[in-house]
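Analysis of the macromolecular model
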Amino acid sequence: MNIGIVCYPTFGGSGVIATELGISLAKKGHNVHFITYKRPVRLEGFYQNIFYHEVNSMSYPLFEYDPYETALASKIADVVRYEKLDLLHVHYAIPHAAVAFMAKSILSSFGIRIPVVTTLHGTDITLVGNDKSFAPVVEFSINSSDGVTAVSNYLKQKTLNTFNITTDIEVIYNFIDFDRFKKVDKDHFKKMLAPNGEKVLVHTSNFRKVKRVQDVIEVFGRVVQKTPSLLLLIGDGPERQRMEELCRSKGLCDQIRFLGKQNAVEELLAISDVFIIPSADESFGLAALEAMACEVPIISSNVGGLPEVNIHGVTGFLSEVGDVEDMARNTLSLLENENTLHAFKASALAEAKKFKIEEIVPVYEDYYIETIDRVKIGV
Ligand code: GMT
């Protein structure tokens, strides 16, 4: 197939999934066209059948905001027309599903009917999409898609509860590439960071409020009083400054390392003992799955799709949002007993194997074919 992928090209989970999906489809022989404003961060190296189309929107003194959606719709229409795409897959509803609808309308004037699949990822429904300023467009563009997928059962249900949805939503879970995410021997690195055998706690996110990074620091503050440990904070975003101030005020700067955005997250996960993800909402928690694939148990909040990934008492523990006491207790129960920690590490890996890329990409391929066939017969 000739497949177009539209996504955010950043470190965020939706961009990561879209990019890994595109690479995997290309490896299986499909031609994949990424249409984004920047080269996706996970799109490294050269592939014979991956094409990258950069969207450039023109600025003009009259525009307070550059009309990115207009430039994206024009680019999509062009790529579909001239590269003869069979299907367009857009990730994250805002603004991609609406832009896809516009491109589809433009293309119909050329007699082209392009099937559009929209994948809902999370805050496009839960935090941003349901805001009054976006909701009518989000609802309309989901209903106008030829296929809609959600990354968890929770997100599907949330979408149905939030909007008046007239189209089916297929749940296709996020996935993990074990060629990249696996426990590798990084003992020399661990010795450098934790020379006295300290336990390593880790958190990765884009440091937005919804991630509740302050809870990670609160949990760590309690853990470090009981067991020698250090905390790695990976990623960057609007909350980082506030989090640095919190570390300073708690006198934890020596034990907490802010590492910023990292490409090789798997190398840091390889030396970690526990991953903390205390989000206020989380449709799936791809970061948790990446940690589990590297044999790191999860301390998480019991919200959204997290319980579909992190199994309480097996791969880690779930606590109510904001219950840092419980999270700290659970973390200590793992760190203070080597046998327990070992068992949870093994279970985390076993559970992660249910989300293997090799098993989930074919589900997308089947879904594409089914959508193309449905569009052909006009259903
Ligand atoms: O929805 C977002 O916050 C952005 C999105 C992203 O691009 O990072 O994250 C969401 O999509 C990921 C990939 O499907 C999921 O693993 C994340 O759980 C989800 N984030 C939230 O729901 C907060």
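Bear in mind the structure is a predicted one, so any value in this text is a computation, not a measurement.

Focus: the packing of aromatic side chains
Here the structure, examined in full by the defined rule, presents 9 aromatic pairs. Each residue in the set Tyr173, Phe284 and Phe355 is aromatic and connected to the rest through ring pairs, giving one cluster. Sitting above the plane of the Phe110 ring, Arg81 keeps its charged end 3.7 Å from the centroid.

Let's talk about the site of the ligand
The ligand sits among 16 residues. The nearest are Gly13, Ser14, His121, Thr123 and Glu282. Between Thr123 and the ligand, the recorded distance is 2.5 Å, taken from a side-chain N or O atom to an oxygen atom. Gly285 places a polar main-chain atom, nitrogen or oxygen, 3.0 Å from an oxygen atom of the ligand. Taken by itself the ligand offers 480 Å² of open surface, and the protein chains cover 94% of this. Here the residues of the shell around the ligand are counted per class, giving 4 nonpolar, 9 polar and 3 charged. Composition of the shell around the ligand by domain shows at least three residues from each of domain 1 (2-175 + 357-377) and domain 2 (187-355).

Topic: the pairing of strand β6 (residues 147-150)
Going residue by residue along β6, you find Gly147 and Thr149 tucked away on one face and Val148 and Ala150 tucked away on the opposite face as well. Alignment of strand β5 (residues 116-120) against β6, held across 4 bridges, turns out to be parallel. Paired with Thr118 across the two strands is Val148, which belongs to β6. Examined bridge by bridge, β6 and strand β7 (residues 170-171) share 2 bridges and lie parallel to one another. Residue pairing in the sheet places Thr149 in a bridge with Glu170 of β7. As a crossover connection, the stretch from β6 through helix α6 (residues 153-162) into β7 is right-handed.

Re unusual backbone geometry
That bond from Ile94 to Pro95 is cis: its omega, -10°, falls within 30 degrees of zero. Residue position: Pro95 is located in helix α3 (residues 93-108). Backbone geometry at Lys84 places phi at a positive 50°, although glycine is not the residue there. By the secondary structure assignment, Lys84 is in the loop between α2 (68-82) and β4 (87-91). Here the phi dihedral of Glu295 falls at roughly 65°; this positive angle occurs in a residue that is not glycine. Relative to the elements of secondary structure, Glu295 occurs in the loop between α11 (286-293) and β12 (298-301).

Observations concerning the packing of α11 against helix α14 (residues 338-352)
Here α11 crosses α14 at 120°, and the two axes come no closer than 7 Å. With respect to each other, α11 and α14 are oriented oblique. Considering the relative orientation of α11 and α14, their crossing is left-handed. Facing Leu289, Met292 and Ala293 of α11, the residues of α14 in contact are Ala348, Leu349, Glu351 and Ala352. Tallied by class, residues from the contact of α11 with α14 come to 6 nonpolar, no polar and 1 charged.

Here's the deal with the nonpolar core
Core analysis: the biggest nonpolar cluster contains 76 residues, and Leu232, Leu269, Phe275, Leu289 and Tyr368 have the highest contact counts within it. Three or more residues apiece are contributed to this core by two domains, here domain 1 (2-175 + 357-377) and domain 2 (187-355). Excluding residues that lie within four positions of it along the chain, Phe275 makes contacts with Val202, His203, Thr204, Leu269, Ala287, Ala288, Ala291, Val296, Pro297, Ile298 and Ile299. Ile217, Val274, Ile276 and Phe317 belong to the second largest nonpolar core, which has 28 residues in total.

Rules and cut-offs
- Residues numbered from 1 in each chain as written.
- Predicted model: local features only at pLDDT ≥ 70, side-chain atom pairs only at ≥ 80, totals over all residues.
- Heavy atoms only, no water.
- Phe/Tyr/Trp six-rings, centres within 6.5 Å; stacked < 30°, edge-to-face > 60°.
- Lys NZ or Arg CZ within 6 Å of the ring centre and 35° of its normal.
- Near = heavy atom within 4 Å.
- Polar contact = N/O pair within 3.5 Å; in protein donor to acceptor, adjacent residues only side chain to side chain.
- Areas by Shrake-Rupley, 256 points an atom, 1.4 Å probe, with all protein chains shown as cover.
- Nonpolar A, V, L, I, M, F, W, Y, C, P; charged D, E, K, R; others polar.
- Domains from an automatic or database assignment.
- Buried < 20%, exposed > 50% of the residue type's maximum accessible area, 1.4 Å probe, protein only.
- Helix = DSSP H or I, 4+ residues; strand = E, 2+ residues; numbered from the N terminus.
- Pairing = 2+ DSSP bridges.
- Right-handed = clockwise from strand over helix to strand, strands pointing away.
- Axes fitted to C-alpha atoms, helices over the stretch in contact; angles between N-to-C directions.
- Parallel < 35°, antiparallel > 145°, perpendicular 65-115°, else oblique.
- Left-handed = near helix turned anticlockwise from the far one by under 90°.
- Contact = heavy atoms within 4.5 Å.
- Core = buried A, V, L, I, M, F, W, Y, C linked by side-chain atoms within 4.5 Å.

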